[in-house]
Amino acid sequence: MSVEILDASTVRNFLNDSEFFNKSVEERFSAIDSNHDGILSYAEMATELKKLRVLETHFGVDEEKTSEGEMVRIYTELFSLFDHDRNGSVDLEEYKSEIRDLMLAIASGLGFLPVQMVLEEGSFLKLAVDRELVA
């Protein structure tokens with residue numbers, strides 16, 4: 001983790017650099033696709049979502065734990081956001097499209113004033129910051 005400064009333009013510039021964005025998404029997709037079949041199953045996506053600590057608010061020391069059933073419900077709903085054609089798997093184009101939409105939503109929420117954030121190494125936001133630093 002590192003503390004970084006970014007704003008909406010950091011994210012939008014990352015998305016507008018099609019070559020860098022596509023390469024970043026393809027690399028993440030390949031890393032998640034553990035059986036290398038070119039599609040993401042629910043199990044592969046759930047493993048990735050667990051790493052993202054979706055509900056964690058205090059860096060691993062939350063007092064109240066979410067039940068396993070509730071986590072499955074949340075992961076299922078998140079998976080359905082990516083599975084645009086509802087065929088039970090996520091292909092690269094669906095994944096790329098949803099990541100783009102999520103990043104645009106983040107950019108919209110950030111606005112034009114710089115904010116300081118703690119970012120995970122390798123996250124799309126960290127990649128956007130790193131790209132901006134070398135551009």
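Higher on the page you've got the structure.
Calculation criteria
Residues numbered from 1 in each chain as written. Predicted model: local features only at pLDDT ≥ 70, side-chain atom pairs only at ≥ 80, totals over all residues. Heavy atoms only, no water. Helix = DSSP H or I, 4+ residues; strand = E, 2+ residues; numbered from the N terminus. Buried < 20%, exposed > 50% of the residue type's maximum accessible area, 1.4 Å probe, protein only. Contact = heavy atoms within 4.5 Å. Phe/Tyr/Trp six-rings, centres within 6.5 Å; stacked < 30°, edge-to-face > 60°. Lys NZ or Arg CZ within 6 Å of the ring centre and 35° of its normal. Axes fitted to C-alpha atoms, helices over the stretch in contact; angles between N-to-C directions. Parallel < 35°, antiparallel > 145°, perpendicular 65-115°, else oblique. Left-handed = near helix turned anticlockwise from the far one by under 90°.

Colleague: Which residues make up the environment of F21, and what values do they have?
Modeller: When you line up the elements, F21 lands in helix α2 (residues 18-32). Look at F21 and you get buried, because its relative accessible area is 0%. Sequence-wise, F21 and S41 are 20 residues apart; in three dimensions their C-alpha atoms are separated by 22 Å. Ignoring any residue separated from it by four or fewer positions in sequence, one finds F21 in contact with F14, L15, K96, I99 and R100.

Colleague: Requested: an account of unusual backbone geometry, with residues and values cited.
Modeller: Phi is positive for H36, which is not a glycine, with a value near 55°. When you line up the elements, H36 lands in the loop between α2 and β2 (39-40). Accessibility expressed as a relative area gives 63% for H36, which makes it exposed. Its identity is not glycine, yet R86 carries a phi of approximately 55°, on the positive side. Along the chain, R86 turns up in the loop between α4 (68-82) and β3 (90-91).

Colleague: Any chance you could break down the packing of aromatic side chains for me, citing the residues and the numbers?
Modeller: Per the stated rule, a full pass over the model turns up six aromatic pairs. Between the aromatic rings of F14 and F21, the centroid separation amounts to 5.5 Å while the plane-to-plane angle is 85°, which identifies the pairing as edge-to-face. In this structure F14 comes out as buried when scored by relative accessible area, which is 0%. Among the aromatic side chains, those forming a connected cluster through ring pairs are F14, F20, F21 and F124. Here the guanidinium or amino end of R28 rests over the ring plane of F124, the centre of that ring lying 4.5 Å away.

Colleague: Explain the packing of α2 against helix α5 (residues 92-110) to me, and be specific about the residues and the numbers.
Modeller: Two quantities define a packed helix pair, namely the angle between the axes and the distance from one axis to the other. Between α2 and α5, the shortest axis-to-axis distance is 10 Å and the interhelical angle comes to 120°. Accordingly, the angle class assigned to the pair α2 and α5 is oblique. Between α2 and α5 the crossing geometry is right-handed. Contact residues: α2 offers F21, N22, V25, E26, R28, F29 and I32, while α5 offers L92, Y95, K96, I99 and R100.

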